[in-house]
Amino acid sequence: MAQIQQQGNRWLVSGDVTVNQVDGLLAESRALSLPAALEIDLGQVQEVDSVALSLIFEWVRQAQAAKAAISIVHVPDTLTSLATLYGVLDLIPQSSH
């Protein structure tokens, strides 16, 4: 089961970010507070499919609408591969943290 835990200005995402989990993750993220500088940590994500990219881009849109900074850390290799395949890797605001 996928989930998001908020720790200050960080969202820690764990579990699978797949088509079966995305609706729950999106609803869960909308219930969290959006800090002025949000860091989303994907280090505990186990499995991803292409819907994970859509979820990340939705989070980016939400942050932009709120004029909040956003960075994604610990992006899984499989997600990096998918983003590269689709030509959208540069659209993911990554941090090396």
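Could you clarify how one ought to interpret the pattern of salt bridges in this entry?
Side chains bearing opposite charge may pair, as long as their charged atoms lie close to each other. A complete count under the given rule lists four salt bridges for this structure. The partner of R10 in a salt bridge is E39, with the nearest N and O atoms 2.7 Å apart. Highlighted residues: R10 in strand β2 (residues 10–17) and E39 in strand β3 (residues 37–48), separated in sequence by 29 residues. For R10, the salt bridge is made with D41, and the minimal N-O distance between the two is 2.4 Å.

Could you clarify how one ought to interpret unusual backbone geometry in this entry?
Trans is the prevailing form of peptide bonds, just as negative phi is the prevailing case for residues other than glycine. The phi angle at K67 is positive, at roughly 55 degrees, despite the residue not being glycine. For K67, a relative accessible area of 77% puts it in the exposed group. Backbone geometry at H74 places phi at a positive 55 degrees, although glycine is not the residue there. Examined against the element boundaries, H74 turns out to sit in the loop between β4 (69–73) and α3 (77–86).

Even after reading the chapter, I still don't get the pairing of β3, so can you show me in this structure?
Both faces of the sheet carry side chains from a regular strand, because those side chains alternate between them. The sheet contact formed by β2 and β3 spans six bridges and is parallel. Counterpart to L12 in the pairing with β3 is D41. Between β2 and its parallel partner β3, the chain crosses via helix α1 (residues 22–30), and the hand of that crossover is right-handed. Examined bridge by bridge, β3 and β4 share five bridges and lie parallel to one another. Residue pairing in the sheet places I40 in a bridge with I72 of β4.

Looking at this structure, I do not really get the side chain of S29. What am I missing?
Locating S29 in the fold gives a position in helix α1. Residue class for S29 comes out buried when judged on its relative accessible area of 2%.

Please explain the packing of aromatic side chains as it appears in this structure.
The geometry of two aromatic rings is summed up by the distance between their centres and the angle between their planes. Applying the stated rule across the entire model yields one aromatic pair. Ring plane angle 80 degrees and centroid distance 5.7 Å describe the contact between W11 and W59, whose orientation is recorded as edge-to-face. Here W11 is found in strand β2, whereas its partner W59 is found in helix α2 (residues 51–65), with 48 residues between them in sequence.

Explain the sheet that holds β4 to me, please; I cannot follow it from the model alone.
To summarise the sheet geometry, strands pair through backbone hydrogen bonds and adopt either a parallel or an antiparallel arrangement. An order of β1-β2-β3-β4 is seen for the four strands of this open sheet, with the pairing classed as mixed. At either margin of the open sheet sits one strand with a lone partner, and together these are β1 (3–7) and β4. Sheet twist, expressed as the mean angle between neighbouring strand axes with direction ignored, is 20 degrees. The strands touched by α1 are β1 and β2; relative to β1, the strand with the most contacts, the crossing angle is about 20 degrees. Against the sheet, α2 makes contact with β1, β2, β3 and β4, and its axis sits at roughly 160 degrees relative to β2, the strand it touches most.

Procedures and definitions
Residues numbered from 1 in each chain as written. Predicted model: local features only at pLDDT ≥ 70, side-chain atom pairs only at ≥ 80, totals over all residues. Heavy atoms only, no water. Salt bridge = Lys/Arg side-chain N within 4 Å of Asp/Glu carboxyl O. Helix = DSSP H or I, 4+ residues; strand = E, 2+ residues; numbered from the N terminus. Buried < 20%, exposed > 50% of the residue type's maximum accessible area, 1.4 Å probe, protein only. Pairing = 2+ DSSP bridges. Right-handed = clockwise from strand over helix to strand, strands pointing away. Phe/Tyr/Trp six-rings, centres within 6.5 Å; stacked < 30°, edge-to-face > 60°. Axes fitted to C-alpha atoms, helices over the stretch in contact; angles between N-to-C directions. Contact = heavy atoms within 4.5 Å.

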